[in-house]
Amino acid sequence: MKTTLSILQYRDIIDAINVTYGINLKQHAMSSLRQHLLMVMGKSKYSNPSLVVKGIKEDKQFFEQILSCLYCEHISLFRDPAMWRILKSNVIDQLPKSTQLKVWIPEVSQASDYYSLLIFLKRINALKNAKIAITDESITNLDKCRAGEVDSNIINTSESNIKRYDATADLYNYIKQSGRKFYVDKSLLKNTYIQKGGVLDINIPFKPNLVLFRNKMIYFNQVKQQKTINQIHKQMLGGGFFITGVKEDISNFEIKGKFRIHNKEEQIYKRNF
Amino acid sequence: MVQGIKYVVIGGSAGSFRGITKILSQIPVDYPLPIILCLHRLKHVRSGFIEALALKSKMPIVEPSDKMSISRGKIYLAPANYHLIIELGNNFALSTFDNVNHSRPAIDLTFDSAARVFRNKMVGIMLSGANKDGAKGMRSVHINRGVTIIQDPNECQARTMPESANKITKIDHIFSIDQIINYILKIPK
């Protein structure tokens, strides 16, 4: 039977999440979140919408399933390979030599950008001195990041992408297979600060000069998108860089006085001092 | 059958490039309706495709950014490696959810979301293609009282896509590319 979800049922689910866990998803883009809920429901024992609210309230594992893939599922490493090349030449190389690289990846989700960043920094010998913070609402996602677990479905595309970023790079120098699973080399995971929380509610212990937030804002409505821009501005160091997805153009939002476009093609913004 | 239509949504995959460029070349620069294209394309190639289409098109073609409003008189092309979804409020939303029918952008998602928002004000047109993507989306267009058109499979380089749509839903018209062009041109009149 095909799982369906009316707008009223959708709203009941969002309210139940807010009341039970204090997580407000009202400002997520409805079409994407509805599609995501239908997918999770279809794979669970709560395929009937009338049971979902009960499931959310009583079954924490089911709720974690909803939370852990709010943003995406199978996003490959080094998505948009050109961005990673620009990140080196137009961002990292532009920071003063004495500056320590401090990176924040909010809503780390399935960790594609996190693992890509670790490999990228390792390759340019910048990992050892970098500070990295990753945050997410989902404990499942953060635990996977701690273990360095990579979704096996993305390995093939990631292998092609890393070659497009740098023809000399070999993914398997950084990712190892163990049984059916793939893991990032443990040595890369050291020095990452991990904290539970959503992008709007969190304070990390340092001010980042690079924020990677690619393809997450597409899942927010415009009100939350603006709030997110304001929050990231507030958290960042002046002169730092904020990177969104290539189709997440924030130049139409109120960014005057906060950010200016640094690279339009790759959606890289520079925070004002 | 063309009365009241305000949106043209076209899906295509293998073998559709020739058809779509022929359609675009015949549409005048002042064509008033938005035309939304969801065409299967290489995920990792961001440039080149839109430029190739633009060479043949008199109307401007844009790849929408997330939450961009849908305006009259523009052609919108689903960006590489994103699903293109129509939102209530007449704007686009992008998504990086899993591939659907091995595709991102998936025609099913664009057609289905368009059907829910535009309802009987849209025509869904399915061109040549080698998989079943778009068939369920066309069913959604029909259920929501939109007009459904497929390219005549005998004219297609790959007939699976239009035939799959024809198998699972009621198709209003089976047209050649020339007939599709005539239909699109008649809509605003």
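Being a predicted model, the structure only gives us computed values, none of them experimental.

Further remarks concern the overall build of chain A. On a plain count of helices and strands, chain A comes out with 10 helices and 10 strands. Taken over the C-alpha trace, chain A has a radius of gyration of 19 Å; the compact-globule value for 273 residues is 19 Å, and the two agree within 12%. Along the three orthogonal principal directions, the C-alpha set of chain A runs to about 55 × 50 × 30 Å. A total of 273 residues make up chain A; the buried ones form 42% of that total.

Moving on: the sheet that holds strand β2 (residues 131-136) of chain A. Residue and element names in this part refer to chain A. An order of β6-β2-β1-β7-β8-β10-β9 is seen for the 7 strands of this open sheet, with the pairing classed as mixed. The open sheet has two free edges, formed respectively by β6 (192-196) and β9 (259-263), since each of these has just one partner strand. Direction aside, the axes of adjacent strands within the sheet are offset by 20 degrees on average. As defined by bridge partners, strand β1 (residues 102-105) adjoins β2 across 4 bridges and the pair is classed as parallel. Across the sheet, residue Lys102 finds its bridge partner in β2, namely Lys131.

Moving on to the sheet that holds strand β5 (residues 181-184) of chain A. Residue and element names in this part refer to chain A. What the 3 strands build is an open sheet, ordered β3-β5-β4; its pairing is antiparallel. Edge strands, defined here as strands with exactly one partner in the open sheet, are β3 (149-150) and β4 (175-178). In the sheet, β4 pairs with β5 via 4 bridges, with the strands oriented antiparallel. Bridge pairing in β5 places Ile175 opposite Val184.

With 17 residues of chain A at the interface, the matching set in chain B holds 15 residues. Residue assignment for the side of chain A that touches chain B shows that the elements contributing at least two residues are α2 (30-43) and α8 (155-165) of chain A.

Assignment of secondary structure puts A:Met217 in the loop between β7 (210-213) and α10 (222-235). Spatially, the C-alpha atoms of A:Met217 and A:Asp249 are 9.9 Å apart, while their sequence positions differ by 32 residues. Excluding residues that lie within four positions of it along the chain, A:Met217 makes contacts with A:Gln225, A:Thr228, A:Thr244, A:Glu248 and B:Asp66.

What follows covers the domain arrangement of chain A. Residues and elements named next belong to chain A. Domain annotation for chain A reports domain 1 (7-68) and domain 2 (81-271). Relative placement of domain 1 and domain 2: their C-alpha centres are 27 Å apart. No other element matches the 3 residues that helix α4 (residues 60-68) contributes to the side of domain 1 that touches domain 2.

One recurring pattern in soluble globular proteins: nonpolar side chains tend to sit buried together. Counting 121 residues, the largest nonpolar core has A:Tyr114, A:Val211, A:Phe242, B:Val8, B:Leu37, B:Ala114 and B:Met122 as the members making the most contacts within it. Looking at which domains feed residues into this core, each of domain 1 (7-68) and domain 2 (81-271) of chain A supplies at least three. Sequence-distant contacts of B:Met122, defined by excluding residues within four places in its chain, comprise B:Ile5, B:Tyr7, B:Val9, B:Ala114, B:Ala115, B:Val141 and B:Gly146.

The α-helix advances 3.6 residues per turn, and as a result positions three or four apart in sequence lie on the same side. Residue and element names in this part refer to chain A. Between its first and last C-alpha atoms helix α6 (residues 112-123) spans 17 Å; for 12 residues at 1.5 Å apiece the expected length is 16 Å, and the two agree. With 10 of 12 residues buried, α6 lies mostly within the body of the structure. Those residues of α6 not exposed but buried are Ser112, Asp113, Tyr114, Tyr115, Ser116, Leu117, Leu118, Ile119, Phe120 and Leu121. Remark: Asn125 follows α6 within two positions and exhibits a positive phi of approximately 55 degrees.

What follows is about the packing of helix α3 (residues 107-118) of chain B against helix α4 (residues 135-143) of chain B. Residues and elements named next belong to chain B. Contact pair α3 / α4: the axes reach a minimum separation of 7 Å and the direction vectors enclose 10 degrees. In terms of orientation, α3 and α4 fall into the roughly parallel class. Contacts from Ile107, Asp108, Thr110, Phe111, Asp112 and Ala115 in α3 reach Lys136, Gly137, Met138, Ser140 and Val141 in α4. Per-class residue counts for the contact of α3 with α4 are 5 nonpolar, 3 polar and 3 charged.

Next up on the list: unusual backbone geometry. The omega torsion across B:Arg104 and B:Pro105 is 15 degrees, close enough to zero to call that bond cis. Tracing the sequence through the fold places B:Pro105 in the loop between β6 (91-95) and α3. At A:Asp80, a residue that is not glycine, the phi angle is positive and equals roughly 55 degrees. Relative to the helices and strands, A:Asp80 resides in the loop between α4 and α5 (81-91). For A:Asp80, a count of 23 C-beta atoms within 10 Å gives the class buried. Although it is not a glycine, B:Arg119 sits at a positive phi angle of roughly 50 degrees. Along the chain, the position of B:Arg119 falls in the loop between α3 and β7 (122-126).

The next subject is the pairing of β7(B). Residues and elements named next belong to chain B. Most of β7 sits inside the fold, with 5 of its 5 residues counted as buried. The two faces of β7 match: Met122, Gly124 and Met126 on one face and Val123 and Ile125 on the other face are all buried. As defined by bridge partners, strand β1 (residues 7-12) adjoins β7 across 5 bridges and the pair is classed as parallel. Residue Ile10 lies in a different strand from β7, and its bridge partner there is Ile125. Relative to strand β8 (residues 147-151), β7 runs parallel, the two sharing 4 bridges. Counterpart to Gly124 in the pairing with β8 is Thr148. This β-α-β element, β7 to α4 to β8, shows right-handed connectivity.

Parameters at a glance
- Residues numbered from 1 in each chain as written.
- Chains lettered and ligands numbered in written order.
- Predicted model: local features only at pLDDT ≥ 70, side-chain atom pairs only at ≥ 80, totals over all residues.
- Helix = DSSP H or I, 4+ residues; strand = E, 2+ residues; numbered from the N terminus.
- Rg over C-alpha atoms; globule rule 2.2 N^0.38 Å.
- Buried ≥ 20, exposed ≤ 12 C-beta atoms within 10 Å, placed from the backbone.
- Pairing = 2+ DSSP bridges.
- Axes fitted to C-alpha atoms, helices over the stretch in contact; angles between N-to-C directions.
- Contact = placed C-beta atoms within 7 Å.
- Domains from an automatic or database assignment.
- Core = buried A, V, L, I, M, F, W, Y, C linked by C-beta atoms within 7 Å.
- Expected span 1.5 Å × (residues − 1).
- Parallel < 35°, antiparallel > 145°, perpendicular 65-115°, else oblique.
- Nonpolar A, V, L, I, M, F, W, Y, C, P; charged D, E, K, R; others polar.
- Right-handed = clockwise from strand over helix to strand, strands pointing away.

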